[in-house]
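Here's the letter readout for the chains.
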Amino acid sequence: MSRKYRIDRVEVTGATPFLGYDRCGAPMYSRDPERVMSWLGDAWRYRFNQLRSRRSRYLMGAKNVLVPISDNPDMRSIKETREDCSWLGSCPDLILLSCQYLENTEWFAATKRRKTNVKHGRKPGPMPSFRRKRSGLRFTVLRNNGKGYRIVTYSRKHAEVIIGGTNPAGHRIPGDGARFQVHIHFRLSRPVLDSTSIHVNWTARTISFTSPIPEHDHTPTGRRTGIDVGVRHEAALSDGRLLDLPLAKLKQLDKRIDKLQRAQARCVREAGYSNAKPYLKHGPSKRYLELGRQARALQERKTRIITDWQHKTSRWLVDRHDLIVMETLQAANMTRKPKPKPDPDKPGQWLPNGHNAKRALNKGMQQASLSRLRGMIEYKSKAAGITFLTVNPAYTSQTCHHCGHVAKENRESQAVFHCHACGWRDNADVNAAKNILTDGLRILQAQAVAEARSGRDTSETRIQDTRPQAGQAEPMAVLQRRKTGRTGNTR
Ligand SMILES: [Zn+2]
């Protein structure tokens, strides 16, 4: 997990960092925060791309033929690179070293994701590529027992990270010394946890601290719940609770975004263009760009509100329960478009099928948000050591919780469940959540029976072994393995 903070300012103390040679061959020294931070970002990207250039990919169309992704893979070590490129000479080691880890993780995460996508019949998605300059100035520093960076807290609201570096011999201003320190001051919006690395995004002026997921002591409550995540209500619990996003606030923001976008469209019309594409090519006005910036800022605010709500809600759910049951995620359903409707009167033409670009986008965002909530509940459950189960989602919304009658007609509308066999009425989502809990309990019972039969103890042992070993921070890899290795979508 990571915590992000806003950078207030940067200052450089000690020696003046050596930033390489300019075009005329004169050495460049600077304490200007903007120049120093851009230099660190460039250095990090240079090393990252150097490592990336050594990767290979399978040749299109041919089987098992590996070709390097780059025409000239760069095999130089950090030491050799420093010797060749004088501008990297004084870049702190632990910034360049961090590329090794990040490039590797990113590459294998992407190749694995591509394989999974193909396996599920989806498009594989793009190959991971080089870091572009336009993706922003950013760099990572490894902590390495406090050698990489140090955190100093000044007050309740103010702290700084200090990164140290040394100008190489021959690139020092006489009488200035060799060591320099980059101080990144940030606003302490919440406590900083013990971290393993920091990630600085100079373009966005943010700094994040990466730390292992903290262990969370869970006090048993004896409560169990099934959760149905959905579009109408973000989450419905089997005890009848409906959890909703702060919709009023989000709608208000939507209105403001719409207004800005309409103003942008007006800019395009007034300039005499029918749509934005040729207008942008021609060169948009300052006002147009400013409106776009404002709309993006609001959009980001919306995302933050949703993420905040999701973190708080998932924490609340995990603290409050000993057993949580949810539906197995179905990736195939998420990308399905509505079927095209042929027009019976005019052959070859189509009726509106409720699918347009904006709706597709909204739907995609909604679904991404739902799977994120689910992911949060899942990982927080595991960190707290409570039981998290997933069940097959088939028929959970059509089954009557009261009598077990399964029929499509039972679902009277999106919101109301009305059983045609016994007359039972309930909120449709709550009814589904109740079915999910029942299914989950059935799985647990089956497990207990199976274990008792094989001579082992009851389900207690299984519930307990999900808890991480006390006193040890668990590496992500192990957590991941546990996540995938769990008994889950059995019925
Ligand atoms: Zn019924």
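Above this text you will find the structure in question.
Conventions used here
- Residues numbered from 1 in each chain as written.
- Predicted model: local features only at pLDDT ≥ 70, side-chain atom pairs only at ≥ 80, totals over all residues.
- Heavy atoms only, no water.
- Core = buried A, V, L, I, M, F, W, Y, C linked by side-chain atoms within 4.5 Å.
- Buried < 20%, exposed > 50% of the residue type's maximum accessible area, 1.4 Å probe, protein only.
- Helix = DSSP H or I, 4+ residues; strand = E, 2+ residues; numbered from the N terminus.
- Donors = N, O, S within 2.8 Å, 3.2 Å for Na, K, Ca; no water.
- Tetrahedral: all angles 85-135°; square planar, octahedral: opposite > 155°, others 65-115°.
- Phe/Tyr/Trp six-rings, centres within 6.5 Å; stacked < 30°, edge-to-face > 60°.
- Contact = heavy atoms within 4.5 Å.
- Polar contact = N/O pair within 3.5 Å; in protein donor to acceptor, adjacent residues only side chain to side chain.
- Expected span 1.5 Å × (residues − 1).
- Pairing = 2+ DSSP bridges.
- Axes fitted to C-alpha atoms, helices over the stretch in contact; angles between N-to-C directions.
- Parallel < 35°, antiparallel > 145°, perpendicular 65-115°, else oblique.
- Left-handed = near helix turned anticlockwise from the far one by under 90°.
- Nonpolar A, V, L, I, M, F, W, Y, C, P; charged D, E, K, R; others polar.

Colleague: What is the right way to look at the nonpolar core in this model?
Modeller: Generally speaking, a soluble globular protein has its nonpolar side chains buried in company with each other. If you look at the biggest cluster of nonpolar residues, it comprises 39 residues, and the most contacted ones within it are Met37, Phe139, Ile184, Ile198 and Ile207. At the level of secondary structure, the elements contributing two or more residues to this core comprise β1 (2-14), α1 (33-52), α3 (93-119), β6 (138-142), β8 (158-166), β9 (179-187), β10 (197-201) and β11 (206-210). By residue number, the principal contributor to this core is α1, which donates 8 residues.

Colleague: Explanation requested: the coordination of the zinc ion in the structure shown.
Modeller: Taken together, Cys400 (SG), Cys403 (SG), Cys419 (SG) and Cys422 (SG) make up the protein donors of the zinc ion, found 2.2 to 2.4 Å from the metal. Geometry at the zinc ion is tetrahedral, judged from the 4 donor atoms that bind it and their angles of 107 to 113° at the metal. Positions of the donor residues of the zinc ion along the chain correspond to the pattern C-x2-C-x15-C-x2-C. Of this pair, Cys403 sits in the loop between β18 (387-391) and β19 (416-418) while Cys422 sits in the loop between β19 and β20 (425-427); the two residues are 19 residues apart in sequence, bridging distant segments of the chain. Given the relative accessible area of 38%, Cys422 is considered partly exposed.

Colleague: Can you walk me through the packing of aromatic side chains in this structure?
Modeller: Remark: the centre distance and the inter-plane angle together describe each pair of aromatic rings, the angle taken between the planes. Tallied over the entire structure, the rule returns 10 aromatic pairs. Summarising the aromatic geometry, the rings of Tyr5 and Phe186 are spaced 5.2 Å apart at their centres and angled 50° between planes, so their arrangement reads as tilted. Placement of the pair is Tyr5 in strand β1 and Phe186 in strand β9, with a sequence separation of 181 residues. The exposure class of Tyr5 is buried, given its relative accessible area of 2%.

Colleague: Even after reading the chapter, I still don't get the environment of Arg31, so can you show me in this structure?
Modeller: For Arg31, the position within the fold is in the loop between β3 (27-29) and α1. The contacts of Arg31, once residues within four sequence positions are left out, are Val12, Thr13, Gly14, Ala15, Thr16, Val36 and Asp176. A polar contact is formed between the side chain of Arg31 and the backbone oxygen of Val12, at a distance of 3.2 Å. From its side chain, Arg31 meets the backbone oxygen of Gly14 in a polar contact 2.6 Å long.

Colleague: Where do I start with helix α4 (residues 247-270) in this structure?
Modeller: Helix length check: α4 (24 residues) gives 34 Å between terminal C-alpha atoms against 34 Å at 1.5 Å per residue, within 8%. On its buried side, α4 packs onto α5 (276-282) and α6 (286-320). Phi turns positive, to about 90°, at Gly272, one or two residues after α4.

Colleague: Explanation requested: the sheet that holds β1 in the structure shown.
Modeller: Remark on secondary structure: sheet strands pair via backbone hydrogen bonds, oriented parallel or antiparallel. Taken in spatial order, the 7 strands of this open sheet run β6-β10-β11-β1-β9-β8-β7, and their pairing is antiparallel. Bordering the open sheet on either side are β6 and β7 (150-153), each of which pairs with just one other strand. Taken pair by pair, the neighbouring strands of this sheet meet at an average axis angle of 30°, ignoring direction. The sheet strands contacting α1 are β1, β6, β9 and β10, and the helix crosses β6 at an angle near 75°.

Colleague: Is there a simple way to explain the packing of α4 against α6 in this structure?
Modeller: When two helices pack together, their arrangement is given by the angle between their axes and by how far apart the axes lie. Orientation of α4 relative to α6, taken along the N-to-C sense of each, is 160°, at an axis distance of 9 Å. Between α4 and α6, the angle is such that the two are roughly antiparallel. The interaxial crossing formed by α4 with α6 has left-handed handedness. Together, Lys249, Leu250, Leu253, Asp254, Arg256, Ile257, Leu260, Ala263, Gln264, Arg266, Cys267 and Val268 of α4 and Arg287, Tyr288, Leu291, Gly292, Gln294, Ala295, Leu298, Gln299, Arg301, Lys302, Ile305 and Ile306 of α6 make up the contact between the two elements. When grouped by side-chain class, the residues that make up the contact of α4 with α6 number 13 nonpolar, 4 polar and 7 charged.

Colleague: I keep staring at the sheet that holds strand β13 (residues 235-237) and nothing clicks. Help me out?
Modeller: Pairing within the open sheet is mixed, and its 5 strands lie in the order β14-β13-β12-β15-β18. The open sheet is flanked by β14 (242-243) and β18, the only strands paired with a single partner. The sheet contact formed by strand β12 (residues 224-229) and β13 spans 3 bridges and is antiparallel. Its bridge partner being in β13, Asp228 is matched across the sheet by Ala236. Helix α9 (residues 428-453) rests against β12, β13, β14, β15 (323-327) and β18 of the sheet, and its axis sits at about 130° to β12.

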